[in-house]
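Structure at a glance
Below are the chains, spelled out letter by letter.
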Amino acid sequence: MLKIENLHAEVERKAILKGLNLKVKPGEIHAIMGPNGAGKSTLASVIAGKEDYEVTQGIIELDGEDISELDPDERAHAGIFLSFQYPVEIPGVTVTNFIKTAINESRKAQGLDEMSAKDMLKKIRQKSSLLEIDRKFLSRSLNEGFSGGEKKRNEIFQMAMLEPKLAILDETDSGLDIDALRVVANGVNTLKSSNNAIIVITHYQRLLDHIIPDFVHVLHDGKIVKTGDASLAHELEAKGYDWIKEKIIS
Amino acid sequence: MDLKEKIVSSYVAFEDGVNMNSDVHEIRSKAFQNFEKLGFPSKKIEAWKYTSLNAVLREDYCLFPNKKKTVTLPQVKDHFIHDIDTYKVVFVDGKYSSFLSETTHDNFDVCLMSSALAKPKYKPIIENYFNKVAKQDHLTSLNTAFVKEGAYIHIPRNTEVEKPIQIINFTTGTEDAIMTQPRNLIVVEQNAYVQIIERHQSLTQNAALTNVVTEIFADRYATVDYYKIQNDHTSASLVDNTFIEQQSESTVAVHTFSFGGKVTRNNLNFYQMGKHINSTLKGITIIEGKQHVDHHTLVHHTAPNCESHQDYKGIFNERAVGVFNGKVVVEKDAQKTNAYQQNNNVLVSDRSTINAKPQLEIFADDVKCSHGCTTGQLDEQALFYMQQRGIPKKEARALLMYAFANTVLESVKIPEVKERITKLIAMKLSVRIGFDL
Amino acid sequence: MKYTEDDLREELKTKEYEYGFYTDIESETFPKGLNEDIVRAISKKKNEPQWMTAWRLEAFNAWTKMIEPEWPNVQYTKPNFQDIAYYSAPKKKPKLNSLDEVDPELLATFEKLGISLEEQKRLANVAVDIVMDSVSVATTFKETLAEKGIIFMPMSEAIQKHPALVKKYIGSVVPPKDNFYAALNSAVFSDGSFCYIPKGVRCPMELSTYFRINEGGTGQFERTLVVADKGSYVSYLEGCTAPQRDENQLHAAVVELVALDDAEIKYSTVQNWFPGDQNGKGGVFNFVTKRGLCETNAKISWTQVETGSAITWKYPSCILKGNRSVGEFYSIAVTNNFQQADTGTKMIHLGKNTKSTIISKGISAGQSQNSYRGLVQINSRAENARNFSQCDSLLMGNECGAHTFPYIESKNKSAQIEHEATTSKIGEDQLFYCNQRGIDTEKAIALIVNGFSKEVLNKLPMEFAVEAQKLLEISLEGSVG
């Protein structure tokens, strides 16, 4: 589904990703771990196509198609979803209005008619109960005055509504208490199917107790330096990232 | 004869006392012509809409006091911040008092404008900085036309002045009503640091009018921490024109404490000429009777990544009138500007007035600017709460006002100044300071 | 492909004024220029009583001694007042009994404006009075209103049929000598709408006036007077458009509202005069005086969406004379290209326990300048007056400017005044977030602008809100969604 080969990317002329390789197949959950500054969030932004990030080398393909020249919204239409580490606030625009617009824009790109109000409501009802979301929350301005947990829950709710092929969860566990973490993880697990894939970006192993990855990658200095199964996450938690760094040096 | 006429016709007499064959006198003459054209500002001018000088200008001021009155230290000691060691530049009726001053120092200049204007040693600085940032408006022109004396402070690169400098102007009014026009120039070079306290004080109940102009230049990485204490008799009026130019990475803070005076007008202008500049403008005004205090501030942001913080609190009792006009201009290139402005007022009496005009002019699009302005009474709930806990209403009211004004003091860096102002506030509000400050 | 601010700017430039068409209706226009004779001629043309002619002449004489105001934060070449025709009427001015008799071409014009009378009549519960150039051409629903005793008719007709009412209230809120433009209007106004709601009557439908300048080189000087008698309620809508022309056209209207004890007037405006082209050529000069007077316990609420005009100079105000009276001002002002707007409100608190609210949203794009100018004045007798003001500005691109000039004058210690202002831009982060969810940049901007303006849009009557939203999109966006 996703193929990244020899990816180099820079921000403001500073190289962050330095030859990264990653392959994700449908039905898989990948975790990307690594110390601060390793390039985890950069990877997420590059896949989603953020403007400030320049790809200097390498390829990014989704289902065999090169997406590196597409605008962020076109990538979203192609099925990429990024759950933001810091979701932005948009005053005056309700959660419902926002998600309606997002869904209909995607449908428009696919040549479909707008979703009927009835279907939309049905879908919102279904997905919001899945994520234990209070209905009142749907009429509030997007992320404005939301707590950390509410923001993240809102991200997963949007993911549920948009049903992406590939979801990238960027530090979704940060700022969540244990209950919120459980709700978010449950949501993600329910949305998981054999047709889609998930990349979980995290610093800690905590979230990976709830979302069990098939592969764990360690990102260091812009490259994936080690790949293993779920047990690698535990090992990292126990030994810390210095352990990896030392191994690389030796 | 009205005051303008008197001033204009006395110019020849003034010229007798100065060197007329100098560049400085060129500047004076030009400013004089400008004043002759403009005269004093009237209420028809937007910037003077809420402040009338008419009553002040009606006095028959003596323009060139001759006799130098002896003033003894005990007479004036209270007007100094005396509990710490400071440099002092003291003027009595516009003339330097070496007796009261204390300017012994090594590696920087604290001296007199009169010598700075005359001696070749100071020429480069005067040429570069004198009358450069000052606006050519009515009263600044008037001051420039009669430039003669004031404080001249020059801090060279990398110099940290170890103790504050006090600039104090006393008026004795031995000649009845008196008008003085001090002119200060303060040049702080790269990475230098200075703290300055400025005060104007009359020693009698005779009418006094002070029209002071201060120019301050803060070069890169320089820090200037400036305090203005205005607690004069209600017979004295003050027009304070301060112009500050800042270069990249410099920090300038001006605190203005206005408790006294008849009519006080503060024109405080900040011009930011570089990046990453920090400007702070704060003030506390507590007045009563028929006092009038007007704060006109301007912060001009021209370059990216700069900040300005304004916080003015006012408490107005009896028939006092307060004016706050805060203008923030953000030029096109001044992206990522953070400009904050707060102005909060409490009207204590039925007859007090506040006129506020917080003003934003923004031409850049990536900026954070906000202003908040409130006018109202003290929180009745809080009053009730305090009364319920046994604090009498009068004390409760005073305490609340005290707390309201005191937030401005947080950024005062000289503990003795903070303590002095705290005491003045307490006195103004009749609060017994039985608690820890 | 990246969609940059440059692209956006480019699109904004090429977005044409959608209502810029000219109706080819034969019209009768007075010669250009202004003097006593023209004023008399206008009055005569309208068959006015002698007192009205005298009133106009007095205003004219005052006007000749006045000077044009300089204080607004706008720059323009002052109109040559002798180069304007002060009266222009569609010539085949019909005595209309029903819409069927209206010139079909005129109807087609309104159709294009999106205010098909037919449709209005069928669908919306809105009575419409249409003022084209200077003359009222059609008023709908007259009879339905008459049953309730509501008077809603062209000003010229009201002067004939209800002289006592007009005489009592005209100029009572905006005196003829109030300001330069109000004096000019008082001298030469040719028509407008008059509305009277009797005691205790709640007007069953929205009343609406549509203004349109059609003839070139003419000025439009309409005069609106709304009187809500004790305990009555009315919601009044006003819409404006003008064709695209090279020269500037002058619009100097006066609107007076009188809300007697316990009455409520809600006055909404969607202003879309031609703003000039992308080079700043042409466009309407909109110099309008709007003011309302509140008696005891009365309420006046101004809502405006200002998207058009080359220059806007407008301060809908409330004089809160009666105790417990309430004034409100909700405004969205959008400026693009070379437009300049200096707009805001005055809330004059005279009575006890009076309350006012000001919510102003300014959106600037292109090289435009957008200023908020407001006055909150608390008189010494206005015990317990309350004001809350909020002025938010949104900037798009860095060639435009946003300015706020709030004047706050308080002479009463019990007054509580709060003023807040913010300026922000549409953040890159916000756009990327929307893009990531599949919403393209144009749509994202439209969404954000709508969110920003929501507090004001919500105050508009339903029928108008939809139109206003569309206008916002057209004028900013086109481009933007």
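Refer to the preceding data block for the structure.
Read on for a plain summary of the structure. As the structure is a prediction and not an experimental result, all values here were calculated from the model.

The helix and strand inventory of chain A stands at eight helices and 12 strands. Here the C-alpha atoms of chain A give a radius of gyration of 18 Å, agreeing with the 18 Å that 2.2 N^0.38 yields for 250 residues. The principal-axis extents of the C-alpha atoms in chain A amount to approximately 60 × 40 × 35 Å. Taking the intrachain contacts of chain A between residues at least 6 apart in sequence as the baseline, contacts between residues at least 24 apart amount to 70%. Per element, the accessible surface of chain A, about 11,400 Å² overall, is 46% carbon and sulfur. Across chain A, the mean location of the 32 positive side-chain charges is 4 Å away from that of the 39 negative side-chain charges.

A word on the interface of chain A and chain C. Each partner contributes to the interface: chain A provides 34 residues, whereas chain C provides 19 residues. Carbon and sulfur atoms supply 61% of the area buried between chain A and chain C, which totals about 2,300 Å² over both sides. Counting the contacts that link chain A with chain C gives two salt bridges. Those elements that place two or more of their residues in the side of chain A that touches chain C are α2 (72-77), β6 (80-83), β7 (90-94), α3 (95-109) and α5 (148-162) of chain A. Broken down by element, the residue count for the side of chain A that touches chain C peaks at six residues, all from α3 of chain A. Here the residues of the side of chain A that touches chain C sort into 16 nonpolar, 10 polar and eight charged.

Another aspect to go through is the pairing of strand β12 (residues 251-258) of chain B. All names here are of chain B. The element β12 is largely enclosed, with a buried count of seven among its eight residues. Summarising the sheet, β12 and strand β14 (residues 278-287) pair through eight bridges and their orientation is parallel. Each residue of the ladder has a partner; that of Thr251, found in β14, is Asn278.

Here we take up helix α7 (residues 230-239) of chain A. Since there are 3.6 residues in each turn of an α-helix, residues three or four apart along the chain are aligned in direction. Residue and element names in this part refer to chain A. Those residues of α7 not exposed but buried are Leu232, Ala233 and Leu236. The buried residues of α7 occupy an angular sector of 105° when projected down its axis, which confines them to one face. Immediately downstream of α7, the backbone of Gly240 shows phi near 80°, a positive value.

Paired through their backbone hydrogen bonds, the strands of a sheet run either parallel or antiparallel. Residues and elements named next belong to chain A. Taken together, the four strands give an open sheet; going across it, the order is β2-β1-β4-β5, and neighbouring strands pair in antiparallel fashion. In the strand order of this sheet, the two ends are held by β2 (14-24) and β5 (65-66), each with one partner. Both strand β1 (residues 2-11) and strand β4 (residues 53-62) contribute to a ladder of eight bridges, which runs antiparallel. From the neighbouring strand, Glu10 faces β4, where its bridge partner is Glu54.

Gaps between atoms show up when a probe of the same size as a water molecule is rolled over them. Residues and elements named next belong to chain C. One pass over the structure, following the stated rule, counts 14 cavities of 30 Å³ or more. Each pocket or cavity is described by its volume, and for the second largest cavity that value is around 110 Å³. In this structure, the second largest cavity is lined by 16 residues; those nearest its centre are Ser360, Gly362, Asn370, Ser371 and Tyr372. Looking at the lining of the second largest cavity, the elements with two or more residues in it are β18 (326-335), β19 (340-349), β20 (355-364), β21 (369-378), β22 (386-395) and β23 (401-410). For the lining of the second largest cavity, the class distribution of residues is four nonpolar, 10 polar and two charged.

Under the definition given, this model contains 28 aromatic pairs over all chains. With a centroid separation of 4.8 Å and 55° between ring planes, the pair formed by Phe84 of chain A and Tyr433 of chain C is classed as tilted. Residue Phe84 of chain A is located in the loop between β6 and β7, and its partner Tyr433 of chain C is located in helix α10 (residues 428-436); the two belong to separate chains. You can call Phe84 of chain A buried: its relative accessible area is 10%. Note on Tyr433 of chain C: relative accessible area 0%, which makes it buried. The interplanar angle of 90° and the centroid separation of 6.1 Å between the aromatic rings of Phe152 of chain C and Tyr236 of chain C together place this pair among those described as edge-to-face. In this pair, Phe152 of chain C is assigned in strand β5 (residues 151-154) and Tyr236 of chain C in strand β10 (residues 233-241), connecting sequence segments 84 residues apart. The buried category is assigned to Phe152 of chain C, whose relative accessible area is 2%. On the basis of relative accessibility, which here comes to 0%, the residue Tyr236 of chain C falls in the buried class.

Quick notes on the rules
- Residues numbered from 1 in each chain as written.
- Chains lettered and ligands numbered in written order.
- Predicted model: local features only at pLDDT ≥ 70, side-chain atom pairs only at ≥ 80, totals over all residues.
- Heavy atoms only, no water.
- Helix = DSSP H or I, 4+ residues; strand = E, 2+ residues; numbered from the N terminus.
- Rg over C-alpha atoms; globule rule 2.2 N^0.38 Å.
- Contact = heavy atoms within 4.5 Å.
- Areas by Shrake-Rupley, 256 points an atom, 1.4 Å probe, with all protein chains shown as cover.
- Lys, Arg positive; Asp, Glu negative; His and termini not counted.
- Charge placed at Lys NZ, Arg CZ, Asp CG, Glu CD.
- Buried area = accessible area lost by both parts, 1.4 Å probe.
- Salt bridge = Lys/Arg side-chain N within 4 Å of Asp/Glu carboxyl O.
- Nonpolar A, V, L, I, M, F, W, Y, C, P; charged D, E, K, R; others polar.
- Buried < 20%, exposed > 50% of the residue type's maximum accessible area, 1.4 Å probe, protein only.
- Pairing = 2+ DSSP bridges.
- Arc of directions from axis to C-beta.
- 1 Å grid on protein atoms, 1.4 Å probe; cavity = no way out; pocket = protein on both sides within 12 Å on 5 of 7 lines; lining within 4 Å.
- Points joined across faces, edges and corners; volume = space filled by probe spheres on them.
- Phe/Tyr/Trp six-rings, centres within 6.5 Å; stacked < 30°, edge-to-face > 60°.

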